[in-house]
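# Geometric and topological summary
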Amino acid sequence: MAIVVRLEEKLHERRMTLTELSERVDITVANLSILKTGKAKAIRFSTLEAICAVLDCQPGDLLAFDPTQPPQEE
């Protein structure tokens, strides 16, 4: 997929675990893991907002466009 999720890098910068983020944003670890691994097909703006608030970042810090990546299969 051409959209790359950089959640793992941001968590590492903040020295935070996925479990800690899950508790702070009230989202299951499983759902955050799907997002972190790039397997998510969508993300709600409210979820993105909550993650950005906790990690003190912008949406562009978490998501990037990489045209060299293969397109996502339907």
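Just above, that's the structure.
Figured I'd write up the structure that's included with this text. Only a predicted model underlies this, so the values are computations on that prediction, with no experimental measurement involved.

### Digging into the overall build of the chain
Tallying secondary structure elements over the chain gives five helices and two strands in all. Ordered by position from the N terminus, the helices and strands of the chain form the series β-α-α-α-α-α-β. For the chain, whose C-alpha radius of gyration is 12 Å, the value lies close to the compact-globule estimate of 11 Å for 74 residues. For the chain, the C-alpha atoms occupy an extent of roughly 35 × 20 × 20 Å along the three principal directions. Across the 74 residues in the chain, those meeting the buried criterion constitute 28%. In the chain, 65% of the contacts between residues at least 6 apart in sequence involve partners at least 24 apart. Of the roughly 5,300 Å² of accessible surface on the chain, 52% is carried by carbon and sulfur atoms.

### What about unusual backbone geometry?
Even without a glycine there, the phi angle at Arg-15 is positive, about 55 degrees. Secondary-structure assignment places Arg-15 in the loop between helix H1 (7-14) and helix H2 (18-25). Non-glycine residue Asp-56 carries a positive phi angle of around 50 degrees. Summarising the element assignment, Asp-56 is placed in the loop between helix H4 (45-55) and helix H5 (59-62).

### So, the nonpolar core
Ranked by size, the top nonpolar core spans 17 residues in total, and within it Leu-7, Leu-11, Leu-21, Leu-32, Ile-51, Leu-55 and Leu-62 carry the most contacts. Breaking this core down by element, the ones donating at least two residues are H1, H2, helix H3 (29-36) and H4. For this core, the element with the highest residue contribution is H4, accounting for four residues. Not counting chain neighbours up to four residues away, the residues in contact with Ile-51 comprise Leu-7, Leu-21, Val-25, Leu-32, Leu-35, Ile-43 and Leu-62.

Analysis parameters
- Residues numbered from 1 in each chain as written.
- Predicted model: local features only at pLDDT ≥ 70, side-chain atom pairs only at ≥ 80, totals over all residues.
- Heavy atoms only, no water.
- Helix = DSSP H or I, 4+ residues; strand = E, 2+ residues; numbered from the N terminus.
- Rg over C-alpha atoms; globule rule 2.2 N^0.38 Å.
- Buried < 20%, exposed > 50% of the residue type's maximum accessible area, 1.4 Å probe, protein only.
- Contact = heavy atoms within 4.5 Å.
- Areas by Shrake-Rupley, 256 points an atom, 1.4 Å probe, with all protein chains shown as cover.
- Core = buried A, V, L, I, M, F, W, Y, C linked by side-chain atoms within 4.5 Å.

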